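If you want the building blocks of each chain, they are given just below.
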Amino acid sequence: MIRLQADPIDAAALAADARGDGDGAVSLFLGTVRDVNAGRRVLFLEYEAYARMAEREMERIAAEAIVRFGVTKVAMIHRVGRVEIGEASVAIAVAAPHRAPAMDACRFVIDTLKANVPIWKREHFDGGAVWVEGV
Amino acid sequence: MIVRILYFASLKDRAVASEETIEVPETCDVAGLWAIVQERHPRLREVTTRPLAACDMTYAAWDRPLGGVLEVAFLPPVSGG
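Residues numbered from 1 in each chain as written. Chains lettered and ligands numbered in written order. Predicted model: local features only at pLDDT ≥ 70, side-chain atom pairs only at ≥ 80, totals over all residues. Heavy atoms only, no water.

> Explain the sheet that holds strand β7 (residues 88-96) of chain A here, please?
As a general point, the strands of a sheet are linked pairwise by backbone hydrogen bonds and lie either parallel or antiparallel. All names here are of chain A. Here we have 4 strands laid out as an open sheet, ordered β1-β5-β7-β2, and mixed in their pairing. Taken across any chain shown, the strands that pair with only one partner, and hence form the sheet edges, are β1 (2-5) and β2 (25-32). On average, adjacent strands in this sheet sit at an angle of 10° to one another, irrespective of strand direction. Two elements, strand β5 (residues 73-79) and β7, share 6 bridges in a ladder whose sense is antiparallel. Paired with Met76 across the strands is Ile92, a residue of β7. Against the sheet, helix α2 (residues 51-69) makes contact with β1 and β5, and its axis sits at roughly 145° relative to β1, the strand it touches most. (Pairing = 2+ DSSP bridges. Helix = DSSP H or I, 4+ residues; strand = E, 2+ residues; numbered from the N terminus. Axes fitted to C-alpha atoms, helices over the stretch in contact; angles between N-to-C directions. Contact = heavy atoms within 4.5 Å.)

> Would you take a moment to explain the state of the cysteines for this structure?
A disulfide bridge is the covalent bond that connects two cysteines by way of their sulfur atoms. All names here are of chain B. Taken as a whole and assessed by the stated rule, the structure comprises 0 disulfides over all chains. For the unlinked cysteine Cys28, the closest cysteine sulfur is that of Cys55, found at 10 Å. What makes Cys28 buried here is its relative accessible area of 7%. (Disulfide = S-S within 2.5 Å. Buried < 20%, exposed > 50% of the residue type's maximum accessible area, 1.4 Å probe, protein only.)

> Could you clarify how one ought to interpret the pattern of salt bridges in this entry?
Two side chains with opposite charge may pair up if their charged atoms get near one another. One pass over the structure, following the stated rule, counts 17 salt bridges over all chains. With a shortest N-O distance of 2.6 Å, Glu71 of chain B and Arg4 of chain B are connected by a salt bridge. Placement of Glu71 of chain B in strand β5 (residues 71-75) and of Arg4 of chain B in strand β1 (residues 2-7) is noted, with a sequence separation of 67 residues between them. Residue Glu71 of chain B is classed as buried on the basis of its relative accessible area, which comes to 7%. On the basis of relative accessibility, which here comes to 30%, the residue Arg4 of chain B falls in the partly exposed class. For Glu46 of chain B, the salt bridge goes to Arg14 of chain B, with nearest N and O atoms at 2.7 Å. With Glu46 of chain B in the loop between α2 (30-40) and β3 (52-55) and Arg14 of chain B in helix α1 (residues 9-15), this residue pair connects regions lying 32 residues apart in the sequence. Judged by relative accessible area, which is 47%, Glu46 of chain B ranks as partly exposed. Salt bridges sharing common partners tie together Arg52 of chain A together with Arg4, Glu19 and Glu71 of chain B. (Salt bridge = Lys/Arg side-chain N within 4 Å of Asp/Glu carboxyl O.)

> What is the right way to look at helix α1 (residues 11-18) of chain A in this model?
Residues and elements named next belong to chain A. Within α1, burial applies to Ala11, Leu14, Ala15 and Ala18. In an axial view of α1, the angular spread of the buried residues amounts to 100°, which keeps them on one side of the axis. For α1, exposure combined with an orientation more than 90 degrees from the buried face picks out Ala12 and Ala16. (Arc of directions from axis to C-beta.)

> I tried to follow the pairing of strand β2 (residues 19-23) of chain B on my own but got confused; where do I start?
Each regular strand shows side chains that alternate between the opposite faces of the sheet. Residue and element names in this part refer to chain B. Only one face of β2 is covered, namely the one carrying Glu20 and Ile22; the face carrying Glu19, Thr21 and Glu23 has none of its residues buried. Bridge count between β1 and β2: 5 bridges; the pairing is antiparallel. Note on β2: the bridge partner recorded for Leu6 is Glu19.

> Any chance you could explain the interface of chain B and chain A here in plain terms?
Many structure descriptions define interface size as the accessible area lost when the parts assemble. Each partner contributes residues to the interface: chain B has 21 residues there, and chain A has 26 residues. Approximately 2000 Å² of surface area, both sides summed, lies buried where chain B meets chain A, with 52% of it carried by carbon and sulfur atoms. Together, Met57, Ser79 and Gly81 of chain B form the three largest contributors to the area buried by chain B at its contact with chain A, with a combined 34%. At the boundary of chain B with chain A, the tally comes to 3 salt bridges. A salt bridge links Glu71 of chain B to Arg52 of chain A; the nearest nitrogen and oxygen atoms lie 3.0 Å apart. Along the contact surface separating chain B from chain A lie 20 residue pairs in polar contact (both at pLDDT 80 or more). Looking at the side of chain B that touches chain A element by element, the count peaks at 4 residues for α1 of chain B. Of the residues in the side of chain B that touches chain A, the class split is 11 nonpolar, 5 polar and 5 charged. (Buried area = accessible area lost by both parts, 1.4 Å probe. Polar contact = N/O pair within 3.5 Å; in protein donor to acceptor, adjacent residues only side chain to side chain. Nonpolar A, V, L, I, M, F, W, Y, C, P; charged D, E, K, R; others polar.)

Geometric values such as these leave the question of function open.
This is how it looks when you write it as structure tokens:
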């Protein structure tokens, strides 16, 4: 399960999708929306994606994680559209026979996603909104 | 040749369009296309840091020739996660 979606993420379902019976570990990362950024109160975030390319890049990162870390499966979902405070904007589940590769690969996947996948967030606050670009 | 151009995030706001299709010279590269779209959309001239470009959904160098490319996207620095 690798995709963009507008609806809230079911993290338990994502973890279940990643895990097979040969796996002794599932590492789950949730990126959640904070109510403050750079000292300013945030009301909600809005995500835009170059959807076709984003899903392709996400598939590529998952494949690279499998090769580099020897994990079994990588599942990930990124939200598009409006995401409320406290909701997950991104969820990554990595399954492996043992915990170390699952956790290392999970870190690699979120770091690479944030650096490479064509998705942008727009921060809405009292009195306006700004694109966050290049964090 | 005909190229479809996509804009995202702040670049979309500046171009006041998410996509357009234009005719470009066969010899055009990504840098040349950026110069053309800056001519068409004055607010893109205010962009001081060169955006990323993707040709047919793959990140491309600035001197990548556009021969055979159907779709070019101009992308501000990404901020997903």
